[in-house]
Amino acid sequence: MNRSQYSVLILLFLFLALKVSAQEADSAYRTKNQFVPYPVVGNAPETGFQFGFGAIYTFFINHDPRETRNSFIYSFNMWTAKQQQQYAVQASVWLPKNIWNFTANGIYTDYPLFFYGVGSDTKQSDEDLITSKRFKILTVAKHKIIKDLYAGVGLWVQNDNFSAADSTGIFNTGDYYGKQGGNSMLIGFGGAFDNRDYENSTTTGSYFSLLEWISLGINNYKFHVFNLDARHFFRFDATKCAGIQFVYQTAQGSATPFYYLPFIGGDQILRGYYVGRYRDQHMLATQAEFRYRPWGKQKDHGWFSLSRLSLAGFAGTGMVFSNGEFNFSNLKPNYGGGFRYMFEPTARMILRFDYGVGSKNPGEKRSTGFYISLNEAF
């Protein structure tokens with residue numbers, strides 16, 4: 001298992017599915033709200049033994065899934081043997097006929113993580129264990145302007161505090177702007193085109209999003225963050241589809257905290273690299289994924305149906321770089337695969353298991369990662 005702060009084992013045999021309500025939309029389409037709690041145990045070098053619980057609640061504002069996408073609330077809570085803790089909540093709510101979409105992410109952590117510095121050539125030998133105490137709330141409201149086209153605004157509030165026990169490590173000795181942490185607040189605006197068939201596990205359609213975040217200058221943090229996310233999906237038949245994604249992010253300004261710099265790694269962008277293994281002023285990445293449901297044409301028989309299982313293979317490349325230092329030689333590859341379990345077929349809500357492989361730097365072990373996550377990486 002990878003040295004990831006999210007390296008956990010979810011005990012699937014203890015999964016409990018509690019059907020809260022069900023309502024028939026018509027004779028062919030049925031939707032149901034579901035509450036799914038699950039326990040979490042695991043181990044990681046940063047924390048030692050980990051334990052906790054999570055829960056997913058999926059529901060429909062409009063019970064005809066042809067008109068309105070499903071909404072969900074997801075919570076993940078963890079404690080460690082070293083008295084560390086992490087609480088996270090994520091939500092996406094779609095109003096009838098998808099006129100409005102509200103998303104929210106909230107997290108509180110008192111949790112260790114590995115820090116490697118800034119740049120595309122950071123070294124494993126510089127690995128420094130730091131403690132991050134973070135409170136963060138990020139909300140976005142999107143309104144449909146015309147068919148498949150949305151405009152949105154957002155609010156991002158965050159408080160950070162960092163500490164490192166090793167006085168000789170790169171965190172304490174390096175010149176990283178924003179080491180003192182503190183409060184920050186950003187406002188966001190942008191737009192999106194979205195004609196995907198499903199938000200959670202797409203098989204066909206496109207998604208294109210532009211979002212700009214501007215700091216309000218609290219603690220003299222003056223910067224802005226720009227995000228571009230483009231995706232397109234192809235469906236070959238009822239059991240096979242493929243998707244491709246291009247992502248570009250940049251953080252610019254005279255006073256940009258290091259923890260707002262774009263990075264690669266984690267369970268979404270370039271799986272196989274430790275989250276934040278490489279970070280800098282710019283990040284761009286592209287990845288492709290093939291998804292296959294071997295038994296997708298079989299009738300669904302409930303929680304233990306083979307029709308709910310699918311396989312996936314992925315590959316990609318990406319890089320981080322400073323202003324004026326773009327170089328193709330900095331591209332870092334990744335590839336891997338995994339499987340998915342679709343616990344809510346109408347909304348296509350899935351639990352994803354992926355193993356990713358990254359590059360091998362001279363004198364270092366090859367970068368790898370194992371991930372257990374809600375819904376597809378893109």
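Worth saying up front: this structure is predicted, and the values here are computed from it rather than measured.

1. What to know about the overall build of the chain
- From N to C terminus, the chain includes one helix and 20 strands.
- In terms of overall dimensions, the chain is globule-like: its C-alpha atoms have a radius of gyration of 21 Å, near the 21 Å expected for 378 residues.
- When the backbone C-alpha atoms are referred to their principal axes, the chain occupies close to 65 × 45 × 40 Å.
- Counting all 378 residues of the chain, 51% fall into the buried class.
- Here the analysis covers contacts within the chain between residues at least 6 apart in sequence; of these, 57% occur between residues at least 24 apart.
- Seen as two clouds, the 36 positive and the 29 negative side-chain charges of the chain have centres 5 Å apart.

2. Section: the nonpolar core
- By size, the foremost hydrophobic cluster in this structure holds 21 residues, and its most contacted members are F115, F171, W213 and F258.
- Secondary structure elements with two or more residues in this core: strand 8 (128–146), strand 9 (149–164), helix 1 (170–173), strand 11 (205–215) and strand 12 (222–237).
- The contacts of F258, once residues within four sequence positions are left out, are F115, F162, F171, Y176, Y177, G178, K179 and R279.
- By size, the runner-up hydrophobic cluster in this structure holds 16 residues, among which are Y38, Y341, A347 and L374.

3. Structural notes on a nonpolar patch on the surface
- Together, V153, L155, I187, F189, I214, L216 and I218 make up a nonpolar patch on the protein surface, roughly 560 Å² of accessible area in all.
- For the nonpolar patch, the secondary structure elements donating two or more residues are strand 9 and strand 10 (182–194).
- Tracing the chain through its elements places V153 in strand 9.
- The exposure class of V153 is exposed, given its relative accessible area of 54%.

4. Observations regarding the packing of aromatic side chains
- Applying the stated criterion to the full structure yields 31 aromatic pairs.
- Look at F115 and F171: their rings are 5.6 Å apart centre to centre, the planes differ by 90 degrees, and that puts the pair in the edge-to-face class. Of the two residues, F115 is situated in strand 7 (residues 100–115) and F171 in helix 1; the sequence distance between them amounts to 56 residues. Taken individually, F115 and F171 each receive the classification buried, so the pair is uniform in this respect.
- Seen from their ring centres, F258 and Y259 are 5.3 Å apart, and the 90 degrees between their planes marks the pair as edge-to-face.
- For F258, a relative accessible area of 4% gives the class buried.
- Members of the aromatic cluster, each reached through a chain of ring pairs, are F115, W156, F162, F171, Y176, W213, F223, F258, Y259 and Y260.
- Above the face of the F378 ring, R291 is positioned so that its terminal group lies 5.4 Å from the ring centre.
- Between R348 and the ring centre of Y198, over which it is positioned, the NZ or CZ distance is 5.0 Å.

5. Points about the pattern of salt bridges
- Counted under the stated rule, the structure contains 17 salt bridges.
- One salt bridge in this structure joins R235 and D197, with 3.7 Å as the shortest N-O distance. Residue R235 is found in strand 12, and its partner D197 is found in the loop between strand 10 and strand 11; the two are separated by 38 residues along the sequence.
- Here R271 ties to D354 by a salt bridge, and the two come within 2.8 Å at their closest N and O atoms. On the criterion of sequence distance, the pair formed by R271 in the loop between strand 14 (263–264) and strand 15 (278–279) and D354 in strand 19 (residues 349–357) is long-range, its members being 83 residues apart. As far as burial versus exposure is concerned, R271 and D354 are alike and both buried.
- Through salt bridges with shared partners, one network takes in D267, R271, E289, R291, R340, R352, D354 and E376.

6. Looking at the side chain of R69
- Relative to the elements of secondary structure, R69 occurs in the loop between strand 4 (48–59) and strand 5 (71–80).
- With a relative accessible area of 13%, R69 lands in the buried category.
- Within the structure, R69 has its side chain in polar contact with the side chain of D194 (distance 2.8 Å).
- Polar side-chain contacts of R69 include one of 2.7 Å to the backbone oxygen of R196.
- Excluding residues that lie within four positions of it along the chain, R69 makes contacts with F60, W94, N98, D194, N195, R196 and E199.

Reading the values: rules and limits
Residues numbered from 1 in each chain as written. Predicted model: local features only at pLDDT ≥ 70, side-chain atom pairs only at ≥ 80, totals over all residues. Heavy atoms only, no water. Helix = DSSP H or I, 4+ residues; strand = E, 2+ residues; numbered from the N terminus. Rg over C-alpha atoms; globule rule 2.2 N^0.38 Å. Buried < 20%, exposed > 50% of the residue type's maximum accessible area, 1.4 Å probe, protein only. Contact = heavy atoms within 4.5 Å. Lys, Arg positive; Asp, Glu negative; His and termini not counted. Charge placed at Lys NZ, Arg CZ, Asp CG, Glu CD. Core = buried A, V, L, I, M, F, W, Y, C linked by side-chain atoms within 4.5 Å. Patch = residues over 30% accessible without salt bridge, like charges linked within 9 Å, V, L, I, M, F, W, Y side chains within 5 Å. Areas by Shrake-Rupley, 256 points an atom, 1.4 Å probe, with all protein chains shown as cover. Salt bridge = Lys/Arg side-chain N within 4 Å of Asp/Glu carboxyl O. Phe/Tyr/Trp six-rings, centres within 6.5 Å; stacked < 30°, edge-to-face > 60°. Lys NZ or Arg CZ within 6 Å of the ring centre and 35° of its normal. Polar contact = N/O pair within 3.5 Å; in protein donor to acceptor, adjacent residues only side chain to side chain.

None of this, on its own, says anything about what the molecule does.
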